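Survey of secondary and tertiary structure
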Amino acid sequence: MSLRGSRSVNIGLRNVVATILIGLGLVFVWQIRGTLMLTFAAVILVILFTMPVRLLVRRFKLSRFLAIVVSVFGFFVIIGVLGVPILSTIGAQSSALGERVQQGIDELRATVTRETLVAQFEFLEGFFEVLLPAAEGSQPSDDVIGQIVSQLTDALGRLGGTVLPVVGGVANTILSALIIFFLSMYLLAEPDLYVNGIIKLTPRWYRARMLTILQRLDSTLRAWLSVTGVSMIVVALLTGIGLALLGIREWFALGVLAGLLSFIPNFGPVVALVPSVAVAIVEAPDNVIWVVVVIYGVSFLQSQVVSPVLASERMNMPAILILLGQIIFGFFFGFLGLMLAVPLSACVAVLVDEMYVKDVLGDVPKEKEAAEAAPVNEVSEELVPSPS
């Protein structure tokens, strides 16, 4: 065999081995995808805690350990002080809210029937025959809303095992929350240990670049946390005020619910719209359209005005990228992937830009590189590895 042929065989064997190893790596990642999502959530919680830690260390010259204790303790104190009255108010309104929602659904069932819809829109007859067929030997049911809800419930039940595993049970949710909390405490205690570990796993010639990438990921997640927190508050306030002006008595509970659901772009407003419309049908039937306008108007204001103004250039991702990220991460990682789709998409965008566009394609504008270096290093001093 010639030398050239021997080299070709060796290259072919290396490619086969590399392909097998990559395939095994992907299978391994798929098997531990739930753990990876919990770890990513813990990283986000650590970044949330370290934002006040850095302020306490710089401004008040506290030790890092004391700053961490003050930050974590203060976080739970604020949640308690603000959360207890909010939860008590929501709890007082929730019973009435549940009754209003059920009453609104009952009214919808009574007014929106198969007969009334077909009388106004004849073309729906064929649609009902295909989508809501009657059982053999029985008349078609007039409870259109009930049939649609039943089919959607069955579909969600079949989908629950893959898309909504986190909400599959209260025990599972509590266990996931505890895992995230304790992981975040370990990461918060010794961040340099884990950062240095990641850097040491990379080749020597790439370690400086890896530090830069970690710094940029850190600043990106901090920007996302700031933007998301302010946006949720804005949505809660504007939605609550709008519903109060429309005469909705449960405006506070619905406003808080809309603010919490705005954490999930695109899909959150759709979920928040259902109870709001159901309550409006009972309390202010003439203002149902205006309730829809308020929910989607505030959502539009958040996504098109508030978030772009607050976010830095790195967080101004196209809306289509956010939507695709939600679909992809929701499918592969379940409900937690859907909730964290925006920061996950932002991190993927950073990795693609740094590792592929800059390192592989060599597209590194010197002016932009210099402009990006200053703010990254300024907000990410903790990610500088300690000398060993």
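Just above, that's the structure.
Residues numbered from 1 in each chain as written. Predicted model: local features only at pLDDT ≥ 70, side-chain atom pairs only at ≥ 80, totals over all residues. Heavy atoms only, no water.

In this section: a nonpolar patch on the surface. Taken together, Trp 30, Phe 267, Ile 320, Leu 321, Leu 323, Leu 324, Ile 327, Ile 328, Phe 331 and Phe 332 make up a surface patch of nonpolar side chains, about 920 Å² in accessible area. Broken down by element, the residue count for the nonpolar patch peaks at eight residues, all from helix α13 (residues 319-339). In this fold, Phe 331 is placed in helix α13. Phe 331 sits in the exposed class, given a relative accessible area of 56%. (Patch = residues over 30% accessible without salt bridge, like charges linked within 9 Å, V, L, I, M, F, W, Y side chains within 5 Å. Areas by Shrake-Rupley, 256 points an atom, 1.4 Å probe, with all protein chains shown as cover. Salt bridge = Lys/Arg side-chain N within 4 Å of Asp/Glu carboxyl O. Helix = DSSP H or I, 4+ residues; strand = E, 2+ residues; numbered from the N terminus. Buried < 20%, exposed > 50% of the residue type's maximum accessible area, 1.4 Å probe, protein only.)

What characterises a pair of aromatic rings is the spacing of the ring centres plus the angle enclosed by the ring planes. Counted under the stated rule, the structure contains 10 aromatic pairs. Their ring planes at 90 degrees and their centres at 5.8 Å tell us that Trp 30 and Phe 332 sit as a pair that is edge-to-face. Here Trp 30, found in helix α1 (residues 3-31), pairs with Phe 332, found in helix α13; they are 302 residues apart in sequence, far enough to count as distant. Residue class for Trp 30 comes out partly exposed when judged on its relative accessible area of 37%. With a relative accessible area of 38%, Phe 332 lands in the partly exposed category. A network of ring pairs unites the aromatic residues Phe 49, Phe 75, Phe 76, Phe 181 and Phe 182 as a single cluster. For the cation-ring pair, Arg 33 lies above Trp 30, with the distance from its terminal atom to the ring centre recorded as 3.8 Å. (Phe/Tyr/Trp six-rings, centres within 6.5 Å; stacked < 30°, edge-to-face > 60°. Lys NZ or Arg CZ within 6 Å of the ring centre and 35° of its normal.)

Let us look at the packing of helix α2 (residues 33-59) against helix α14 (residues 341-358). Across the interface, α2 lies against α14 with an axial gap of 11 Å and an inter-helix angle of 90 degrees. Comparing their axes, α14 and α2 come out roughly perpendicular. Residues Met 37, Phe 40 and Ile 44 of α2 lie in contact with α14, whose contacting residues are Pro 343, Leu 344 and Cys 347. Taken together, the residues that form the contact of α2 with α14 break down as six nonpolar, no polar and no charged. (Axes fitted to C-alpha atoms, helices over the stretch in contact; angles between N-to-C directions. Parallel < 35°, antiparallel > 145°, perpendicular 65-115°, else oblique. Contact = heavy atoms within 4.5 Å. Nonpolar A, V, L, I, M, F, W, Y, C, P; charged D, E, K, R; others polar.)

Our focus in this paragraph is the pattern of salt bridges. Here the structure, examined in full by the defined rule, presents seven salt bridges. The partner of Asp 359 in a salt bridge is Arg 209, and the shortest N-O contact between them spans 3.0 Å. Taken as a pair, Asp 359 in the loop between α14 and α15 (366-379) and Arg 209 in helix α9 (residues 207-245) lie far apart in primary sequence, 150 residues in all. Taking the relative accessible area as the measure of exposure, Asp 359 reaches 31% and is therefore partly exposed. Of the charged contacts, one joins Arg 222 and Asp 218 as a salt bridge, the two residues approaching to 3.1 Å between their closest N and O atoms. Taken together, the positions of Arg 222 and Asp 218, both in helix α9 and four residues apart, correspond to about one turn of that helix. With respect to class, Arg 222 is no different from Asp 218; both count as buried.

What follows covers the layout of surface pockets. Roughly 1,100 Å³ of volume is contained in the second largest pocket. In this structure, the second largest pocket is lined by 33 residues; those nearest its centre are Phe 40, Val 43, Ile 198, Leu 214 and Leu 217. Only α2, α7 (170-189), α8 (191-200), α9, α13 and α14 provide two or more residues apiece to the lining of the second largest pocket. Among the elements that line the lining of the second largest pocket, the one with the most residues is α2, at nine residues. (1 Å grid on protein atoms, 1.4 Å probe; cavity = no way out; pocket = protein on both sides within 12 Å on 5 of 7 lines; lining within 4 Å. Points joined across faces, edges and corners; volume = space filled by probe spheres on them.)

Now for the environment of Leu 336. Along the chain, Leu 336 falls in helix α13. In this structure Leu 336 comes out as buried when scored by relative accessible area, which is 14%.

A few words now on empty space enclosed by the protein. Remark: the empty space left among the atoms is shown by a probe the size of a water molecule rolled over them. On inspection of all chains with the given rule, the structure shows one cavity of 30 Å³ or more. Each pocket or cavity is described by its volume, and for the largest cavity that value is around 80 Å³. For the largest cavity, the full set of lining residues is Val 235, Thr 239, Ala 258, Leu 261, Ser 262, Gly 268, Pro 269, Ala 272, Ile 295, Val 298, Ser 299 and Gln 302. Taken together, the elements giving at least two residues each to the lining of the largest cavity come down to α9, α10 (251-261), α11 (268-283) and α12 (288-310). Here the element with the most residues in the lining of the largest cavity is α12; it accounts for four residues. Looking at side-chain class alone, the lining of the largest cavity contains seven nonpolar, five polar and no charged residues.

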